[in-house]
Amino acid sequence: MKKSLLLAAMTVLGFGLAHADFSQGAGHFYMIQNKATKRYINLIHDQGNALSQDFHAIRLENDGEQHTEPGTIIYISSEKILFSTVYNLSAQGTSVKEITGFSVNINKNGTGDNGEAVYNADVLSAVYFQDEAGFDKAKPSNSNADDVKWYIKPVDTGGGGDCYFGVSPKATDYLDGYYYTTLRASFAYKLSQGVDAFTVVGGKLHELPHDNVVPANTPVILRCKSTLASDNRLYPQAIGGKYTAESTVTSSLVSGTKYSYFKTSVVNAKVGETGSYTNGKPYGLGTAKSDANANYRVLSVKDGQLGFFDTFASAYPNDLCINGELAYMDTTSDVVLIAKQEAVTTSLAGLVTKEADSKTLYHINDGELTAVAFGDDNVLYCKDNNAYASKDASQQGQVDYMKDRAKLQTGAYDQSNWVALSLDEATATKLMNSNVINHVISGVEGVLTDKVNPTVKLTVAPTVGQESTYTPNTYIAASFGGTQTGTQGKHEQFFFVTPKPCEVASITWAMWDGSKMVAPTHVDGKVNQAGLSGEFAYGGDQSKLKENSIYSFEGIVKVNTASSKAGKLSAPAASGYTVYPLTQPVEIGSIDGNVVTAVGSVNEAAAVARVVYYNLQGQSSAEPHEGVNIVKTVYTDGSTRVEKVVK
């Protein structure tokens with residue numbers, strides 16, 4: 001029974017476009033969803049000898065799951081028979097007509113939940129495709145029943161839309177800034193930006209031209225910048241106005257399997273062998289995985305190398321058949337495609353001052369990198385031991401405003417190099433569970449992705465060491481303007497230490513002017529008596545800020561930069577700062593003209609603004625955690641005190 005009906009929506013498709021349906025007609029790629037059950041069809045095999053058996057090869061996936069199997073992509077073609085137009089549905093190298101000997105009738109029959117057209121599909125106007133009991137069965141049925149009505153959705157071929165095909169590499173298959181996976185599809189396709197294709201010829205990677213069409217039935221390695229199928233789209237292409245399943249590319253990869261059932265698939269049978277399906281149980285069709293693919297090795301990243309290392313059985317111990325969308329290598333030994341890159345050892349200071357690039361693997365050998373805070377998207381912010389290359393230093397005659405006048409800074413300023421460590425979710429979870437905040441870390445190794453705001457994408461998890469509590473510097477808005485001469489009073493020259501890129505800091509005396517944070521308006525004898533200036537952008541939710549109100553909060557300082565070309569780490573000209581809040585801003589006063597509310601001179605005695613409790617996992621709370629707490633007290637003047645207590 002050669003099977004063919006097809007599709008299973010490969011990625012989650014929504015109903016965003018009310019009239020994106022079969023109105024495009026033949027000559028296009030589609031996915032098909034049942035109106036009643038909202039499930040998509042997926043082709044799982046093409047073997048059989050009877051019409052009823054043929055339809056048992058079609059299984060339905062639950063809506064809401066994201067799929068990347070080529071068997072979900074259907075090409076619909078048409079032909080004229082007498083005075084009628086009939087259709088053929090092709091998928092993974094076979095078709096309905098090839099399987100059954102019959103063409104298919106497709107007729108519109110009403111509308112769906114959001115005004116989309118729905119259709120009946122039948123053979124001989126009697127045997128309908130119908131979603132029933134987990135199968136797409138064929139039998140005489142009421143053509144007006146919802147379970148025989150289908151949404152026919154055009155697949156994105158480069159113009160955008162919610163109905164698309166893509167690949168989802170495993171997060172663990174990451175190397176030098178990219179994720180890798182394999183694919184074998186029986187239709188040709190173009191690559192989206194951020195996805196590159198390689199064949200394996202003579203045991204080496206051979207890159208295919210990005211702007212060209214990847215030929216059908218070509219097993220390839222795909223290099224991606226994301227693990228999300230929505231970011232890694234592949235655009236099916238009809239060649240010469242028709243679906244094609246022929247490859248013109250020679251590769252040492254095996255051809256891969258054609259059909260998939262959920263996470264299990266038909267064995268990629270060799271000459272003289274046949275496949276099996278449904279969790280490895282033969283449907284009268286042949287051998288299960290363990291008998292047919294003992295040598296098949298899967299692509300993976302291990303120990304900093306890309307290659308075919310593990311057998312299918314060891315890589316997917318819970319799967320009984322090969323994943324249908326992947327390609328494999330038939331070999332008895334490991335094949336290394338990209339050898340382990342030797343890391344260049346450097347200090348964090350050296351990394352941000354030398355000509356670093358986005359391809360080299362760097363090992364940061366500072367023995368005293370301290371983990372200070374987690375930001376969004378699994379980013380850990382760390383500092384070295386006060387090793388900033390060009391520290392701000394006061395000159396004779398200058399007044400150190402934050403120490404001598406405002407008395408917000410006690411002791412020496414910490415002028416460290418900072419780095420944002422971009423982590424995968426597993427590593428982030430591991431570090432949280434290892435009590436990484438306020439501890440020394442070592443073994444930091446990865447690729448530099450941003451030089452202006454130093455960011456390293458880690459390739460291995462670092463080691464958590466001894467405790468190393470850090471008290472953030474305190475800055476006011478004027479600090480972001482640097483050393484300056486006051487415009488009021490004695491016109492003194494005030495020295496300021498400016499924040500460093502990616503620094504975690506305490507911010508106070510920052511007034512929201514409706515578009516940015518600024519030094520508070522000068523009010524003689526009350527606020528900003530020296531007439532200081534300074535500003536920064538606020539990277540949080542601005543809807544909760546009140547104009548002319550003055551705030552304190554903790555945040556991450558980033559240097560604003562002009563846009564630069566992808567992959568280039570040359571530092572463009574800096575243009576001010578943006579601070580991304582780590583804590584909710586606390587209003588400490590407001591100014592309306594010369595009326596000052598609940599705020600005094602910056603050098604008045606400070607009161608407690610808030611107390612934050614951190615457990616050893618770095619989680620914050622307004623109430624103490626059970627056990628050991630790192631207690632951070634934040635005052636209205638922006639200063640802080642950190643201590644450890646046990647509840």
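Everything quoted here is computed from the prediction, not taken from an experiment.

Draft legend 1. The overall build of the chain, seen in detail. From N to C terminus, the chain includes seven helices and 48 strands. Counting across all 647 residues of the chain, residues that qualify as buried make up 53%. In the chain, once contacts between residues fewer than 6 apart in sequence are set aside, the share between residues at least 24 apart is 67%. Carbon and sulfur atoms make up 47% of the accessible area of the chain, which amounts to about 27300 Å² in all.

Draft legend 2. Spotlight on the layout of surface pockets. Within this model, the largest pocket holds a volume of roughly 620 Å³. The wall of the largest pocket is formed by 28 residues, among which Thr172, Tyr174, Asp424, Leu458 and Thr459 lie closest to the centre. For the lining of the largest pocket, the secondary-structure elements that each account for two or more residues are strand E12 (174–175), strand E21 (296–302), helix H7 (425–433) and strand E33 (455–458). At three residues, H7 tops the list of elements feeding residues into the lining of the largest pocket. Here the lining of the largest pocket is built from residues that sort into ten nonpolar, nine polar and nine charged.

Draft legend 3. Representation of the pattern of salt bridges. On inspection of all chains with the given rule, the structure shows eleven salt bridges. We note a salt bridge from Asp196 to Arg223, for which the minimum N-O separation is 2.9 Å. With Asp196 in strand E15 (residues 195–201) and Arg223 in strand E17 (residues 220–224), this residue pair connects regions lying 27 residues apart in the sequence. Accessibility expressed as a relative area gives 13% for Asp196, which makes it buried. Residue classification places Arg223 among the buried positions, given a relative accessible area of 18%. A salt bridge links Glu587 to Lys546; its shortest N-O distance comes to 3.0 Å. Of this pair, Glu587 sits in strand E43 (residues 586–592) while Lys546 sits in the loop between strand E40 (535–538) and strand E41 (549–561), and the two are 41 residues apart along the sequence. Looking at Lys546, the relative accessible area reads 46%, which means it is partly exposed.

Draft legend 4. Focus on the sheet that holds E12. Read from one edge to the other, the open sheet built from five strands follows the order E12-E13-E17-E15-E16, with strand pairing classed as antiparallel. At either margin of the open sheet sits one strand with a lone partner, and together these are E12 and strand E16 (204–207). Here strand E13 (residues 178–183) pairs with E17 via five bridges, running antiparallel. Among the inter-strand pairings, Thr182 is bridged to a residue of E17, identified as Ile221.

Draft legend 5. Region of the structure containing the packing of aromatic side chains. One pass over the structure, following the stated rule, counts 16 aromatic pairs. Pairing Tyr401 with Phe496 gives two aromatic rings, centres 5.4 Å apart and planes at 35 degrees, and the pair type is tilted. Of this pair, Tyr401 sits in helix H6 (residues 401–405) while Phe496 sits in the loop between strand E37 (493–495) and strand E38 (504–512), and the two are 95 residues apart along the sequence. With respect to class, Tyr401 is no different from Phe496; both count as buried. Taking 6.4 Å as the distance between ring centres and 70 degrees as the angle between the ring planes, the aromatic pair formed by Trp512 and Tyr538 counts as edge-to-face.

Draft legend 6. Focus on the sheet that holds strand E30 (residues 418–422). Within the open sheet, the nine strands sit side by side as E25-E26-E32-E33-E30-E28-E27-E31-E34. Their pairing is mixed. With partners counted over all chains shown, the strands left at the sheet margins are strand E25 (344–346) and strand E34 (463–467), one partner each. Put simply, the sheet's adjacent strands are angled 40 degrees from each other on average, direction ignored. In terms of strand pairing, strand E28 (residues 379–383) meets E30 through five bridges, oriented antiparallel. Bridging across to E30, Leu380 finds its partner in Leu421.

Draft legend 7. Structural context of unusual backbone geometry. Look at Asp377: it is not a glycine, yet its phi comes out positive at around 60 degrees. Note on Asp377: relative accessible area 68%, which makes it exposed. The phi angle at Cys502 is positive, at roughly 70 degrees, despite the residue not being glycine.

Draft legend 8. Focus on a nonpolar patch on the surface. A cluster of nonpolar residues, Ile81, Leu82 and Phe83, forms a patch on the protein surface that exposes about 440 Å² of accessible area. With respect to the secondary-structure elements, Leu82 resides in the loop between strand E4 (74–81) and strand E5 (84–91).

Draft legend 9. Representation of the nonpolar core. If you look at the biggest cluster of nonpolar residues, it comprises 42 residues, and the most contacted ones within it are Ile507, Met517 and Phe536. Of all the secondary structure elements, the ones that give two or more residues to this core are H6, E37, E38, strand E39 (517–518), E40, E41, strand E42 (574–581) and E43. Sorting elements by how many residues they give to this core places E38 first, with six residues. Phe374, Leu421, Ala428 and Ile437 belong to the second-largest nonpolar core, a separate cluster that totals 23 residues.

Draft legend 10. Broad picture of H7. Along H7, the residues classified as buried are Thr427, Ala428 and Leu431. Along the axis of H7, the buried positions cluster into a sector of 100 degrees, meaning they face one direction only. Along H7, exposed side chains directed more than 90 degrees from the buried face belong to Glu425, Ala426 and Asn433. In the core, the buried residues of H7 are packed alongside strand E27 (369–374), E28 and E34. Where H7 begins, the capping side chain belongs to Asp424, and its oxygen is found 3.1 Å from the backbone nitrogen of Ala426. Immediately beyond the C-terminal end of H7, within one or two residues, lies Asn435, with a positive phi of roughly 55 degrees.

Draft legend 11. Inspection of the environment of Asn560 at higher detail. Take Asn560: it is sitting in strand E41. Judged by its relative accessible area of 25%, Asn560 falls in the partly exposed class. When the C-alpha atoms of Asn560 and Thr578 are compared, they prove to be 6.5 Å apart, with 18 residues separating the residues in sequence. Polar side-chain contacts of Asn560 include one of 3.3 Å to the backbone oxygen of Tyr577. For Asn560, the side chain forms a polar contact with the side chain of Thr578, separated by 2.7 Å.

Draft legend 12. View of the environment of Thr250. Tracing the chain through its elements places Thr250 in the loop between strand E18 (234–237) and strand E19 (260–261). Owing to a relative accessible area of 67%, Thr250 belongs among the exposed residues under this scheme. Residues Thr250 and Thr218 lie 32 residues apart in sequence; the distance between their C-alpha atoms is 8.1 Å.

Draft legend 13. Broad picture of the confidence of the model for the chain. Looking at the chain as a whole, the pLDDT averages 78, with 75% of positions reaching at least 70. pLDDT under 50 marks residues 48–58. Its contacts with residues more than four places away, or in other chains, come to 35 contacts. Throughout residues 260–292 the model reports pLDDT below 50, and contacts reaching past four residues in sequence, or to other chains, amount to 87 contacts.

About the thresholds
Residues numbered from 1 in each chain as written. Predicted model: local features only at pLDDT ≥ 70, side-chain atom pairs only at ≥ 80, totals over all residues. Heavy atoms only, no water. Helix = DSSP H or I, 4+ residues; strand = E, 2+ residues; numbered from the N terminus. Buried < 20%, exposed > 50% of the residue type's maximum accessible area, 1.4 Å probe, protein only. Contact = heavy atoms within 4.5 Å. Areas by Shrake-Rupley, 256 points an atom, 1.4 Å probe, with all protein chains shown as cover. 1 Å grid on protein atoms, 1.4 Å probe; cavity = no way out; pocket = protein on both sides within 12 Å on 5 of 7 lines; lining within 4 Å. Points joined across faces, edges and corners; volume = space filled by probe spheres on them. Nonpolar A, V, L, I, M, F, W, Y, C, P; charged D, E, K, R; others polar. Salt bridge = Lys/Arg side-chain N within 4 Å of Asp/Glu carboxyl O. Pairing = 2+ DSSP bridges. Phe/Tyr/Trp six-rings, centres within 6.5 Å; stacked < 30°, edge-to-face > 60°. Axes fitted to C-alpha atoms, helices over the stretch in contact; angles between N-to-C directions. Patch = residues over 30% accessible without salt bridge, like charges linked within 9 Å, V, L, I, M, F, W, Y side chains within 5 Å. Core = buried A, V, L, I, M, F, W, Y, C linked by side-chain atoms within 4.5 Å. Arc of directions from axis to C-beta. Polar contact = N/O pair within 3.5 Å; in protein donor to acceptor, adjacent residues only side chain to side chain. pLDDT = per-residue confidence, 0-100.

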